[in-house]
Amino acid sequence: MVLKYVIVLLSTLSIYFIGMIMNQLKYNNKIQVDQVIQYVNRHVISTYGLHHQEYFTQDIDINSLLVKQDPTYCQKSDLYKYYHPDVLMKDTYVIRERKGIIKEVLRDNYFDAIPKMPFKRGNKNSTSIYKFPLELTLPFNYYDQVITRFKEGQSSLCLFWKNNHMKERHSLSHKDNLQNYYYNYRDKMRRQRLPQDCISNATFMPKSYRLFKTNECKAFFRYIKSKEYKEKELAEGPQFITKLGLEIHRGRGIVVLFPDEIINIKNDYQNGSLCGQNLELKVVQKYINNPYLYKGHKIEFRIYFVFASTLPMIAYAYDKALIRKCATPFDRFSLEKSSHVCNTAVMKQTLAKEGIDPENDDDEGDEYFIDWKLDQLQQLLLQQGKINDTNWLQNYLYPIVDRSIIHAIRATEHTFSKDSKAAEFFAADFILTDDFKVYIMEINYNPQTLKSTPLRIAAHTKMVKDMIGIQNAYIRSKYLRLKHIIEKIVQRMIRQNAKKVESVIDNNLIMINQIRVSNQIRLIYFVKLWIVIMRDQKDI
């Protein structure tokens, strides 16, 4: 009996000591590694970080994550991932607060680190009950809470994180901002005396007047008093639409300027005398009254693109498009908004009035979501004899779309914080005219991913998985490079018996700065699904 207890005791001690030895091996040089990781983290933040202190206090009424602040979280999480590479290199830990197809895809294909996280917006006084798990690598939140409510490098945006938001996304998504940067971009090209072809290639939006700019506001009111305008309006119908800036999307804020609406805008600005005083962020844009029609309906197509990094600047565009058809037949003189605006929200409102549920597969609403591929449009144009090139998409349409998105990014990239952790998901809405001109109508971030049809569900599911694949490729590449750098510095500390990491770092920080190098080779396998849209200047 005694022998039995002795054997049990020896077994227990053996397991304990083996565990201690394994733990020592597993966390070898932990003190030095911890120092170096913290040093690298501070360097990255001070040199390339989001520097969001001013932005940190905005949107304080939103607390959608309900996650507790922990100023030591990044230190613990980065150290944990350093010694447990599989949680990053083989697995994907994500969080998502908003319900919908994106959350479902993340939950079904990856590790949802906080599966019961509810979607709440105006709950700034609610108690934060969750903690970011140490394994978390890809927060895929609807709101940019990890930027606005957490301290970079301490409680969020850690060294081994890949965030899905960038704080300056409004430069592209706010109509007033995009117009401002677009005009400044083209003005700069003119000042540089670039060839007219280059400037024409950078023209991706219809002619517009920013009514919050005094000169443009006065020019607009002068024009609508002209004989030329009155003749065009009589013969062709409305010539302009108005759009509101800031966070106004889904068809809201769009007004087609029929005669009654012209009277209203004249009253609002007192025939132009209030230009410079009425500073509402309103943009008047040339109305495209000759759109290409599909079965008598105006159509728009949406191209999704994602920023993989802003340091270096890398973006990918999805080669599949969502084609949307306006709910009612096109008539340039029609007073129905649904004849002119193909937005999904407007379409749903129109179909609801007719008793049609567009999200019911047995109803007729799915016909308004034509297809995800533009191949159908090309085939239709070939059948109609409007084009002869069987590679029209690759030779004509995609290059224009590609070029338009590139110029939109180039017009705004000077506003972006430079950080390889930053990313963002956008959608650009395009319109095609009957003479094959292509324009960007607007750009949205956090674009809707609805379950309107089985085709859209399948396409959105694949797109989300592709986006995660791209982000994983970047963070894993960065992890390997950073780990190699950290190991070199740790070995230098050990050889020199250094107590502080600063004593072994060269002044020029050449070794640390290697983290900026982009390893795009890892992304080759995405080329079949996504088209890299950032190219050299000579390609534009």
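Shown above is the structure to which this text applies.
The following refers to the structure shown. (Residues numbered from 1 in each chain as written. Predicted model: local features only at pLDDT ≥ 70, side-chain atom pairs only at ≥ 80, totals over all residues. Heavy atoms only, no water.)

1. What about the pairing of strand β12 (residues 438–445)?
Among the 8 residues in β12, 8 count as buried, and that is most of the element. In this structure, strand β11 (residues 424–432) lies alongside β12, joined through 7 bridges in antiparallel fashion. Across the sheet, D429 pairs through a bridge with E442, a residue of β12. Count of turn residues in the β11/β12 antiparallel hairpin: 5 residues, of which F436 carries a positive phi of about 70°. (Buried < 20%, exposed > 50% of the residue type's maximum accessible area, 1.4 Å probe, protein only. Helix = DSSP H or I, 4+ residues; strand = E, 2+ residues; numbered from the N terminus. Pairing = 2+ DSSP bridges.)

2. Thoughts on the packing of helix α8 (residues 175–191) against helix α15 (residues 392–412)
Where α8 contacts α15, the axes come no closer than 8 Å and their chain directions differ by 90°. Considering their axes alone, α8 and α15 lie roughly perpendicular with respect to each other. Taking contact as the criterion, the partners of L178, Y181, Y182 and Y185 in α8 are, on α15, H407, R410, A411 and T412. In terms of residue class, the contact of α8 with α15 is built from 5 nonpolar, 2 polar and 1 charged. (Axes fitted to C-alpha atoms, helices over the stretch in contact; angles between N-to-C directions. Parallel < 35°, antiparallel > 145°, perpendicular 65-115°, else oblique. Contact = heavy atoms within 4.5 Å. Nonpolar A, V, L, I, M, F, W, Y, C, P; charged D, E, K, R; others polar.)

3. So, the side chain of S334
When you line up the elements, S334 lands in the loop between β10 (313–325) and α13 (344–353). Relative accessible area serves as the criterion here: at 15%, S334 is assigned to the buried category. At 3.1 Å, the side chain of S334 and the backbone nitrogen of E336 are in polar contact. (Polar contact = N/O pair within 3.5 Å; in protein donor to acceptor, adjacent residues only side chain to side chain.)

4. Considering the pairing of strand β5 (residues 240–244)
For β5, a buried count of 4 out of 5 residues is recorded, marking the element as mostly surrounded by other parts of the structure. Sheet analysis places β5 next to strand β7 (residues 282–286), joined by 5 bridges and oriented antiparallel. Looking at β7, one finds that K243 is bridged to V283.

5. Some details on the pattern of salt bridges
All told, the structure shown has 18 salt bridges when counted by the stated rule. The partner of D70 in a salt bridge is K76, with the nearest N and O atoms 2.9 Å apart. D70 sits in the partly exposed class, given a relative accessible area of 24%. Linked by salt bridges that have partners in common, E300, R302, R324 and D429 make up one network. (Salt bridge = Lys/Arg side-chain N within 4 Å of Asp/Glu carboxyl O.)

6. A short note on α15
Helix length check: α15 (21 residues) gives 30 Å between terminal C-alpha atoms against 30 Å at 1.5 Å per residue, within 8%. The axis of α15 is deflected most strongly, by about 35°, at Y398, and proline P399 appears within four residues downstream. Taken across its 21 residues, α15 has 16 buried, putting it largely inside the fold. (Expected span 1.5 Å × (residues − 1). Bend = angle between axes of the 7 residues up to and from the residue.)

7. Details of the packing of aromatic side chains
Within this structure, the stated rule accounts for 26 aromatic pairs. Seen in terms of ring centroids, F160 and Y479 are 4.9 Å apart; in terms of plane orientation they differ by 70°. Their pairing is edge-to-face. Residue F160 is located in the loop between α6 (145–148) and α7 (170–173), and its partner Y479 is located in helix α16 (residues 454–495); the two are separated by 319 residues in the primary sequence. For the pair F160 and Y479, one class covers both residues: buried. The side chain of K207 reaches across the aromatic face of Y209, ending 4.9 Å from its centre. Sitting over the ring of Y82, K483 keeps its end group 5.0 Å from the ring centre. (Phe/Tyr/Trp six-rings, centres within 6.5 Å; stacked < 30°, edge-to-face > 60°. Lys NZ or Arg CZ within 6 Å of the ring centre and 35° of its normal.)

8. Describing the sheet that holds β5
Strand order in the open sheet made by the 4 strands is β4-β7-β5-β6, with antiparallel pairing throughout. The open sheet has two free edges, formed respectively by β4 (208–210) and β6 (255–256), since each of these has just one partner strand. In the packing of α8 onto the sheet, contacts are made with β4, β5 and β7, and the angle to β4 comes to roughly 110°.

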